[in-house]
Amino acid sequence: MTEPLGRRERKKAATRQKIADTALRLFLERGYDAVGIRDVATEADVAVTTLFSHFASKEALVFEQDEDFEQRLTQAVTSRAPDEPLIPALRRETQTLVRHCTADSAAPIWRMIDGSPALREYEESMRLRHAESLAAAIAAAPDLSQGTTASRAIARFVIDAYSVAREAVDPEAAVDEIFQMIEAAWRVTCRA
């Protein structure tokens, strides 16, 4: 069971969420490039330094759940039951993330991301970081005897599955189809 957050942590989390919500609203209303960091800070009624204590960059404001997504992917590896195979655990988590990112409410955000070179570049670097974290979790799992190359390849496939499925006409069917290929690749790797 997780410990309840203390008052200070709750206030920090509320401030972070207020900044993220304000930024997203402004970006969608005015356009990403038309809104500056000072605009977000002013509208959220925080100092620019407070904004930067929660978010490292303007792009990070758009991807405010970045760390949560990364953690969820690695926990799909590290928190699975001792007898649960790796690939189904990763498929389940990927399916959940795809559902979240393909909800109707996410469509305007993805249009904004797709229309901004800075946001597309940030998303790509974020995906690479997620893949490296996931690869490290796979390589460190005591029940998996995969080397670095196999762990990194499977991790990249999983991260790419999320991206490809998000853009598909039927995202959930795409996840299933892609994970059949990932499962086949994993079986071959495990036999080697």
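A brief report on the enclosed structure follows.

Describing the overall build of the protein
A count of helices and strands for the protein gives 10 helices and 0 strands. Each helix and strand of the protein, placed in order from N terminus to C terminus, yields the pattern α-α-α-α-α-α-α-α-α-α. For the protein, the spread of C-alpha atoms along the principal axes amounts to about 60 × 40 × 25 Å. When the 192 residues of the protein are sorted by exposure, 42% land in the buried category. For the protein, contacts bridging at least 24 residues in sequence account for 68% of all contacts bridging at least 6. Entry remark: accessible area of the protein is about 11,000 Å², with carbon and sulfur atoms responsible for 52%. Where the 25 positive side-chain charges of the protein centre and where its 31 negative ones centre are 4 Å apart.

Overview of the packing of helix α1 (residues 7-30) against helix α2 (residues 37-44)
Orientation of α1 relative to α2, taken along the N-to-C sense of each, is 120 degrees, at an axis distance of 9 Å. Classed by the angle they form, the pair α1 and α2 counts as oblique. Crossing angle aside, the handedness with which α1 passes α2 is right-handed. Within the contact between the two elements, α1 uses Lys18, Ile19, Thr22, Ala23, Arg25, Leu26, Phe27 and Arg30 and α2 uses Asp39, Val40, Glu43 and Ala44.

The rules behind the values
Residues numbered from 1 in each chain as written. Predicted model: local features only at pLDDT ≥ 70, side-chain atom pairs only at ≥ 80, totals over all residues. Heavy atoms only, no water. Helix = DSSP H or I, 4+ residues; strand = E, 2+ residues; numbered from the N terminus. Buried < 20%, exposed > 50% of the residue type's maximum accessible area, 1.4 Å probe, protein only. Contact = heavy atoms within 4.5 Å. Areas by Shrake-Rupley, 256 points an atom, 1.4 Å probe, with all protein chains shown as cover. Lys, Arg positive; Asp, Glu negative; His and termini not counted. Charge placed at Lys NZ, Arg CZ, Asp CG, Glu CD. Axes fitted to C-alpha atoms, helices over the stretch in contact; angles between N-to-C directions. Parallel < 35°, antiparallel > 145°, perpendicular 65-115°, else oblique. Left-handed = near helix turned anticlockwise from the far one by under 90°.

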